[in-house]
Amino acid sequence: MAIDEFRAVLKAREFVRKVNPATIPVPIEMYARELGAVIRPQTDLGPDEAGYCFKNNGKHFICTNANDKPERQRFTVCHEIAHIVLGLPSQHGASPWWSYAKKPLAEILCDVFAAELLLPYDLFQPQAEKSSISLAAIDDLAERFQASATATGSRYAAVVSTPLAFVLSEQGKVRYASRSNQLKDAYAWIPPRLDLPDGCFSKKVRSGAACDSPEEVDAGIWFSDWERGGILLEEARHLAPWDQTLTLLWFEDGEVPPQKFRDDRGEIHEKEDDDNDGLLQELDGKLRWPGKRRRR
Ligand SMILES: [Zn+2]
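The shown structure was predicted, so the numbers you read here are calculated from the model rather than taken from an experiment.

Draft legend 1. Fine view of the sheet that holds strand β5 (residues 173-179). Taken together, the 5 strands give an open sheet; going across it, the order is β5-β4-β8-β7-β6, and neighbouring strands pair in antiparallel fashion. On the outer flanks of this sheet lie β5 and β6 (215-218), each paired with one strand and no other. Geometrically, the sheet is characterised by an average inter-axis angle of 30° between neighbouring strands, direction not taken into account. Where strand β7 (residues 231-239) meets strand β8 (residues 244-251), 8 bridges bridge the pair, whose relative direction is antiparallel.

What follows is the structure, given as structure tokens:
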């Protein structure tokens, strides 16, 4: 069966359960040991090459770029473990490791798998839940788990209970949006390939505006076909060397505005949310079984 996001996440969680890490940051050597793999930092890789793995005499060797920062090398090890466990051949070289613009699906799935290993649900969720909502808090989590701000931000959005989204854009276009379950249940959808919306704070920050504090924006500019209204707080950071923008979006009062509908007489009422089970549209969301029938 072809590997999709859901299966990649399932496989990652299965692997994490086997190793059962208990400390923060997670000792990734334990993951390598589970596969009998040897980690080998290499000094001769180019700046855009993160690593690779190969098999020799039945043993896996995972090579990382010794010139990369330690947290990057940790991610590389977990990414290569994903290639081994998921049986997905490498498609490196198409674009630099940091770029999302043309990343092949198999590589995205390996990144998702890697984030699950670096930020295991059982260790990460309680820490994320009690953090304040800000990019600085995500930085702090990233530092403690020795993971990148990007990986930590998308995991953060996926596991917290408040309605919140973390968006990664490159060259002014959304490449990846991770949403908490509350937003998924409300169908607050941020389409990939969307240009950073007009009027959003992230667009201004990309153009050089300072981001000292979050800015209020209409929820409708970010979510497609959004009829609930409401005001989001938006915080943004632009990473100029890669032309990447990180965005954190959340409803300040912690509530998604209720759905509204108009009755036969034209009066507007609030509608109760369906008890629904959205498909796993994010790459690293909390697991839900796809295809489960909606209860009426
Ligand atoms: Zn890869």
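Draft legend 2. Geometry of the environment of S148. Of note, S148 is situated in the loop between α6 (135-145) and α7 (149-159). For the pair S148 and K102, spaced 46 residues apart in sequence, the C-alpha separation works out to 20 Å. Within the local environment of S148, its side chain forms a polar contact with the backbone nitrogen of A151, the two atoms lying 3.0 Å apart.

Draft legend 3. Focus on the packing of aromatic side chains. In the structure shown here, the tally under the stated rule is 8 aromatic pairs. Ring centres of F223 and W226 lie 4.9 Å apart, and the angle between their planes is 65°; this geometry places the pair in the edge-to-face category. Judged by its relative accessible area of 2%, F223 falls in the buried class. We classify W226 as buried; its relative accessible area is 12%. Look at F223 and F251: their rings are 6.5 Å apart centre to centre, the planes differ by 50°, and that puts the pair in the tilted class. With F223 in the loop between β6 and β7 and F251 in strand β8, the pair connects residues that are 28 residues apart, well separated along the chain. For F251, a relative accessible area of 4% puts it in the buried group. Aromatic ring contacts, followed pair by pair, group F15, Y31 and F113 into a single cluster.

Draft legend 4. Summary view of the pattern of salt bridges. For the coordinates displayed, the defined rule picks out 11 salt bridges. Put simply, D243 and R206 hold a salt bridge, and the shortest N to O gap is 2.8 Å. Here the residue D243 occupies a position in the loop between β7 and β8, and R206 occupies one in helix α9 (residues 201-206), the gap between them amounting to 37 residues. The exposure class assigned to R206 is partly exposed, which follows from its relative accessible area of 34%. What emerges from the salt-bridge pattern is a single network uniting R13, E116 and R155.

Rules of the game
Residues numbered from 1 in each chain as written. Predicted model: local features only at pLDDT ≥ 70, side-chain atom pairs only at ≥ 80, totals over all residues. Heavy atoms only, no water. Pairing = 2+ DSSP bridges. Helix = DSSP H or I, 4+ residues; strand = E, 2+ residues; numbered from the N terminus. Axes fitted to C-alpha atoms, helices over the stretch in contact; angles between N-to-C directions. Polar contact = N/O pair within 3.5 Å; in protein donor to acceptor, adjacent residues only side chain to side chain. Phe/Tyr/Trp six-rings, centres within 6.5 Å; stacked < 30°, edge-to-face > 60°. Buried < 20%, exposed > 50% of the residue type's maximum accessible area, 1.4 Å probe, protein only. Salt bridge = Lys/Arg side-chain N within 4 Å of Asp/Glu carboxyl O.

Everything listed is a geometric property; what it means functionally is a separate question.
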